[in-house]
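Tertiary structure, described
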Amino acid sequence: SVKEGCHKLPKRLTVESNPEGFAMNHECFILMDSRTPLEVESRLLPEVLQCLINHILFHRALGGVVIPKDMVLLDDLFYVRCDDAKMEKQVRESSESAANALKKKEAGGKVTLTFFEKGMWGDKVPWEEWVMHFVVRTEPSFGHREEMLRRKELETRVKELMWLVLKIVSAHREHLPKVKISDKSAICFPFEIKDPSRREGVLDLLGRAVSGPKVQVPL
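This text gives an overview of the structure that appears in the document. Please read these numbers as outputs of a predicted model, since none were measured by experiment. (Residues numbered from 1 in each chain as written. Predicted model: local features only at pLDDT ≥ 70, side-chain atom pairs only at ≥ 80, totals over all residues. Heavy atoms only, no water.)

A few points about the overall build of the protein
Broken down by element type, the protein carries four helices and eight strands. Element order for the protein, N to C, with α for helix and β for strand: β-β-α-β-β-α-β-β-α-β-α-β. Put simply, the protein has 219 residues, and 47% of those count as buried. Here the contacts in the protein between residues at least 6 apart in sequence split such that 78% fall between residues at least 24 apart. Surface exposure of the protein reaches about 11,700 Å², of which carbon and sulfur atoms provide 53%. (Helix = DSSP H or I, 4+ residues; strand = E, 2+ residues; numbered from the N terminus. Buried < 20%, exposed > 50% of the residue type's maximum accessible area, 1.4 Å probe, protein only. Contact = heavy atoms within 4.5 Å. Areas by Shrake-Rupley, 256 points an atom, 1.4 Å probe, with all protein chains shown as cover.)

This is the structure:
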(Lines give C-alpha, C1' and ligand atoms only; values in the text may rest on other atoms or scores of the structure.)
Protein backbone atom coordinates (compact mmCIF):
# COMPACT_ATOMS: atom_id res chain seq x y z
CA SER A 1 0.00 0.00 0.00
CA VAL A 2 0.99 3.67 -0.29
CA LYS A 3 1.43 3.98 3.46
CA GLU A 4 4.50 1.77 3.41
CA GLY A 5 6.61 4.64 2.11
CA CYS A 6 5.40 7.32 4.48
CA HIS A 7 8.34 7.05 6.89
CA LYS A 8 10.69 8.56 4.31
CA LEU A 9 8.69 11.69 3.49
CA PRO A 10 10.62 14.93 3.01
CA LYS A 11 10.70 16.86 6.26
CA ARG A 12 10.24 20.37 4.86
CA LEU A 13 6.78 21.34 3.65
CA THR A 14 6.09 25.08 3.64
CA VAL A 15 3.85 27.41 1.66
CA GLU A 16 4.52 31.04 0.80
CA SER A 17 1.77 33.53 1.58
CA ASN A 18 -0.23 35.54 -0.92
CA PRO A 19 0.37 39.15 0.21
CA GLU A 20 -1.53 40.74 -2.68
CA GLY A 21 -4.74 38.97 -1.67
CA PHE A 22 -5.80 37.86 -5.14
CA ALA A 23 -9.12 36.06 -5.35
CA MET A 24 -7.46 33.07 -7.00
CA ASN A 25 -4.18 31.60 -5.85
CA HIS A 26 -2.04 29.70 -8.30
CA GLU A 27 -0.33 27.00 -6.23
CA CYS A 28 2.62 24.99 -7.50
CA PHE A 29 3.69 21.72 -5.88
CA ILE A 30 7.16 20.54 -6.89
CA LEU A 31 7.19 16.81 -6.18
CA MET A 32 10.66 16.22 -7.63
CA ASP A 33 13.04 19.03 -8.60
CA SER A 34 16.08 18.90 -10.89
CA ARG A 35 18.36 18.08 -7.95
CA THR A 36 16.35 15.03 -6.88
CA PRO A 37 14.70 13.71 -10.05
CA LEU A 38 13.02 10.35 -10.27
CA GLU A 39 15.20 7.94 -12.24
CA VAL A 40 13.13 5.56 -14.32
CA GLU A 41 14.05 2.94 -16.89
CA SER A 42 12.95 3.88 -20.39
CA ARG A 43 10.42 1.07 -20.80
CA LEU A 44 8.77 1.80 -17.43
CA LEU A 45 8.52 5.56 -17.86
CA PRO A 46 5.03 5.75 -19.48
CA GLU A 47 3.56 3.56 -16.73
CA VAL A 48 5.21 5.53 -13.94
CA LEU A 49 3.97 8.80 -15.44
CA GLN A 50 0.44 7.45 -15.70
CA CYS A 51 0.57 6.22 -12.11
CA LEU A 52 1.60 9.57 -10.61
CA ILE A 53 -0.65 11.68 -12.83
CA ASN A 54 -3.70 9.47 -12.27
CA HIS A 55 -3.03 9.47 -8.54
CA ILE A 56 -3.11 13.29 -8.47
CA LEU A 57 -6.18 13.47 -10.69
CA PHE A 58 -8.10 11.02 -8.54
CA HIS A 59 -7.48 13.11 -5.43
CA ARG A 60 -8.45 16.32 -7.25
CA ALA A 61 -11.57 14.76 -8.76
CA LEU A 62 -14.30 17.20 -7.72
CA GLY A 63 -17.03 16.08 -10.09
CA GLY A 64 -20.36 14.50 -9.40
CA VAL A 65 -19.38 11.06 -10.67
CA VAL A 66 -16.10 9.62 -9.36
CA ILE A 67 -15.78 5.89 -10.03
CA PRO A 68 -12.54 4.41 -8.67
CA LYS A 69 -10.59 1.80 -10.58
CA ASP A 70 -7.80 -0.24 -8.97
CA MET A 71 -4.49 -0.30 -10.83
CA VAL A 72 -1.08 -1.86 -10.21
CA LEU A 73 2.42 -0.70 -11.14
CA LEU A 74 5.40 -3.08 -11.09
CA ASP A 75 4.63 -5.97 -8.75
CA ASP A 76 3.46 -4.44 -5.50
CA LEU A 77 2.43 -0.83 -6.06
CA PHE A 78 -1.33 -0.38 -6.07
CA TYR A 79 -3.10 2.88 -6.83
CA VAL A 80 -6.53 4.13 -7.83
CA ARG A 81 -7.50 6.14 -10.88
CA CYS A 82 -10.82 7.54 -12.05
CA ASP A 83 -12.70 5.14 -14.30
CA ASP A 84 -13.28 7.80 -16.94
CA ALA A 85 -12.53 6.89 -20.57
CA LYS A 86 -11.88 10.45 -21.76
CA MET A 87 -9.55 11.19 -18.86
CA GLU A 88 -7.74 7.87 -19.23
CA LYS A 89 -7.13 8.54 -22.94
CA GLN A 90 -5.73 12.01 -22.27
CA VAL A 91 -3.42 10.74 -19.53
CA ARG A 92 -2.21 7.76 -21.57
CA GLU A 93 -1.46 9.79 -24.70
CA SER A 94 0.18 12.63 -22.75
CA SER A 95 2.29 10.19 -20.73
CA GLU A 96 3.53 8.45 -23.87
CA SER A 97 4.35 11.81 -25.46
CA ALA A 98 6.16 12.98 -22.32
CA ALA A 99 8.12 9.71 -22.10
CA ASN A 100 9.27 10.08 -25.70
CA ALA A 101 10.36 13.68 -25.06
CA LEU A 102 12.23 12.75 -21.87
CA LYS A 103 14.12 9.94 -23.63
CA LYS A 104 15.72 12.61 -25.85
CA LYS A 105 16.91 14.61 -22.82
CA GLU A 106 20.09 13.11 -21.41
CA ALA A 107 20.00 15.46 -18.41
CA GLY A 108 16.31 14.78 -17.83
CA GLY A 109 13.40 17.20 -17.84
CA LYS A 110 10.15 18.09 -16.16
CA VAL A 111 6.56 17.11 -16.69
CA THR A 112 3.87 19.47 -15.40
CA LEU A 113 0.24 18.69 -14.64
CA THR A 114 -1.78 21.92 -14.61
CA PHE A 115 -5.40 22.51 -13.61
CA PHE A 116 -6.94 25.65 -15.07
CA GLU A 117 -10.15 27.57 -15.73
CA LYS A 118 -11.18 29.10 -19.02
CA GLY A 119 -10.92 32.90 -19.08
CA MET A 120 -13.19 35.26 -20.97
CA TRP A 121 -10.85 35.26 -23.99
CA GLY A 122 -10.44 31.51 -23.99
CA ASP A 123 -7.20 31.85 -22.07
CA LYS A 124 -6.08 29.18 -19.60
CA VAL A 125 -6.03 30.57 -16.07
CA PRO A 126 -4.08 28.08 -13.90
CA TRP A 127 -4.98 27.49 -10.28
CA GLU A 128 -2.74 24.51 -9.51
CA GLU A 129 0.43 22.93 -10.90
CA TRP A 130 2.26 19.72 -10.08
CA VAL A 131 5.88 19.62 -11.26
CA MET A 132 7.80 16.35 -11.63
CA HIS A 133 11.41 16.03 -12.80
CA PHE A 134 12.53 12.77 -14.39
CA VAL A 135 15.78 11.26 -15.65
CA VAL A 136 15.66 8.28 -17.99
CA ARG A 137 17.95 5.47 -16.86
CA THR A 138 19.64 4.04 -19.94
CA GLU A 139 22.46 1.88 -18.58
CA PRO A 140 21.54 -1.82 -18.45
CA SER A 141 21.35 -3.70 -15.16
CA PHE A 142 23.96 -6.34 -14.46
CA GLY A 143 21.92 -9.41 -13.81
CA HIS A 144 18.57 -10.24 -12.28
CA ARG A 145 19.56 -9.20 -8.73
CA GLU A 146 20.47 -5.64 -9.72
CA GLU A 147 17.31 -5.32 -11.79
CA MET A 148 15.20 -6.35 -8.80
CA LEU A 149 17.04 -3.88 -6.54
CA ARG A 150 16.39 -1.09 -9.03
CA ARG A 151 12.71 -1.95 -9.19
CA LYS A 152 12.43 -2.01 -5.41
CA GLU A 153 14.17 1.36 -5.21
CA LEU A 154 11.80 2.82 -7.81
CA GLU A 155 8.77 1.34 -6.10
CA THR A 156 9.80 2.80 -2.74
CA ARG A 157 10.37 6.27 -4.21
CA VAL A 158 7.04 6.29 -6.07
CA LYS A 159 5.22 5.23 -2.89
CA GLU A 160 6.82 8.13 -1.03
CA LEU A 161 5.68 10.54 -3.74
CA MET A 162 2.15 9.15 -3.70
CA TRP A 163 1.97 9.57 0.05
CA LEU A 164 3.26 13.13 -0.32
CA VAL A 165 0.47 13.86 -2.81
CA LEU A 166 -2.09 12.68 -0.24
CA LYS A 167 -0.54 14.93 2.38
CA ILE A 168 -0.61 17.96 0.07
CA VAL A 169 -4.19 17.57 -1.20
CA SER A 170 -5.42 17.16 2.38
CA ALA A 171 -3.59 20.25 3.63
CA HIS A 172 -4.16 22.66 0.74
CA ARG A 173 -7.78 23.29 -0.23
CA GLU A 174 -8.22 27.05 0.20
CA HIS A 175 -7.08 27.86 -3.33
CA LEU A 176 -9.57 25.53 -5.04
CA PRO A 177 -11.98 27.37 -7.38
CA LYS A 178 -15.72 27.19 -6.90
CA VAL A 179 -16.75 23.70 -7.92
CA LYS A 180 -19.03 23.33 -10.92
CA ILE A 181 -20.42 19.85 -10.38
CA SER A 182 -20.80 17.77 -13.52
CA ASP A 183 -22.71 14.50 -13.66
CA LYS A 184 -20.76 13.49 -16.76
CA SER A 185 -17.19 13.65 -15.50
CA ALA A 186 -15.10 13.27 -12.35
CA ILE A 187 -13.07 16.37 -13.28
CA CYS A 188 -14.80 19.74 -12.97
CA PHE A 189 -11.94 21.75 -14.45
CA PRO A 190 -9.79 21.11 -17.52
CA PHE A 191 -6.22 19.97 -17.08
CA GLU A 192 -3.20 19.56 -19.32
CA ILE A 193 0.09 17.71 -19.13
CA LYS A 194 3.18 19.45 -20.46
CA ASP A 195 6.49 17.78 -21.27
CA PRO A 196 9.93 19.21 -22.22
CA SER A 197 8.94 19.40 -25.90
CA ARG A 198 5.90 21.58 -25.22
CA ARG A 199 6.15 25.37 -25.51
CA GLU A 200 3.64 27.76 -23.99
CA GLY A 201 1.28 29.49 -26.38
CA VAL A 202 -0.34 32.92 -26.26
CA LEU A 203 -3.38 31.67 -24.32
CA ASP A 204 -1.09 30.03 -21.73
CA LEU A 205 0.85 33.26 -21.19
CA LEU A 206 -2.33 35.36 -21.06
CA GLY A 207 -3.87 33.02 -18.51
CA ARG A 208 -0.82 33.20 -16.27
CA ALA A 209 -0.86 36.98 -16.49
CA VAL A 210 -4.40 37.22 -15.08
CA SER A 211 -4.08 34.46 -12.49
CA GLY A 212 -2.98 35.07 -8.92
CA PRO A 213 0.67 34.83 -7.90
CA LYS A 214 2.26 31.40 -7.94
CA VAL A 215 2.44 29.90 -4.44
CA GLN A 216 5.07 27.18 -4.25
CA VAL A 217 5.57 24.22 -1.97
CA PRO A 218 9.38 23.66 -2.09
CA LEU A 219 10.45 20.10 -1.36
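Some words on the nonpolar core
L31, L38, L52, W130 and F134 are the most contacted members of the largest nonpolar core, which has 45 residues in total. At nine residues, helix α1 (residues 45–59) tops the list of elements feeding residues into this core. (Core = buried A, V, L, I, M, F, W, Y, C linked by side-chain atoms within 4.5 Å.)

Topic: the pattern of salt bridges
Under the defined criterion, the tally for this structure stands at 13 salt bridges. The salt bridge partner of R43 is E147, with a shortest N-O separation of 3.1 Å. Residue R43 is found in the loop between β2 (38–41) and α1, and its partner E147 is found in helix α3 (residues 144–171); the two are separated by 104 residues along the sequence. The shortest N-O distance in the salt bridge between K194 and E192 comes to 3.5 Å. Of the two residues examined, K194 and E192, each falls in the buried class. (Salt bridge = Lys/Arg side-chain N within 4 Å of Asp/Glu carboxyl O.)

Digging into the packing of α1 against helix α2 (residues 85–103)
Where α1 meets α2, the axes come as close as 9 Å, and the angle between the chain directions of the two elements is 135 degrees. As summarised for this structure, α1 and α2 are arranged oblique, according to the angle between their axes. Crossing of α1 over α2 shows right-handed handedness. Side by side, α1 and α2 meet where L45, P46, L49, Q50, I53, N54 and L57 of the first sit next to M87, V91, R92, S95, A98, A99 and L102 of the second. (Axes fitted to C-alpha atoms, helices over the stretch in contact; angles between N-to-C directions. Parallel < 35°, antiparallel > 145°, perpendicular 65-115°, else oblique. Left-handed = near helix turned anticlockwise from the far one by under 90°.)

Digging into the environment of A107
Mapped onto the secondary structure, A107 falls in the loop between α2 and β5 (109–118). Looking at A107, the relative accessible area reads 75%, which means it is exposed. For A107 and F134, which are 27 residues apart along the polypeptide, the C-alpha to C-alpha distance reads 8.9 Å.

What to know about the environment of E96
With respect to the helices and strands, E96 occurs in helix α2. Accessibility expressed as a relative area gives 38% for E96, which makes it partly exposed. Between the C-alpha atom of E96 and that of L45, which follows or precedes it by 51 residues, the distance is 8.3 Å.

Examining the packing of aromatic side chains
Per the counting criterion, the structure on display carries three aromatic pairs. Centre to centre, the rings of F29 and W130 are 4.7 Å apart; their planes meet at 50 degrees, and the pair counts as tilted. With F29 in strand β1 (residues 26–32) and W130 in strand β6 (residues 124–137), this pair connects stretches of sequence that are 101 residues apart. For the pair F29 and W130, one class covers both residues: buried. Three or more aromatic residues joined by ring pairs make a cluster, and in this case those are F115, W127 and F191. (Phe/Tyr/Trp six-rings, centres within 6.5 Å; stacked < 30°, edge-to-face > 60°.)

Nothing here speaks to function; it is all geometry.
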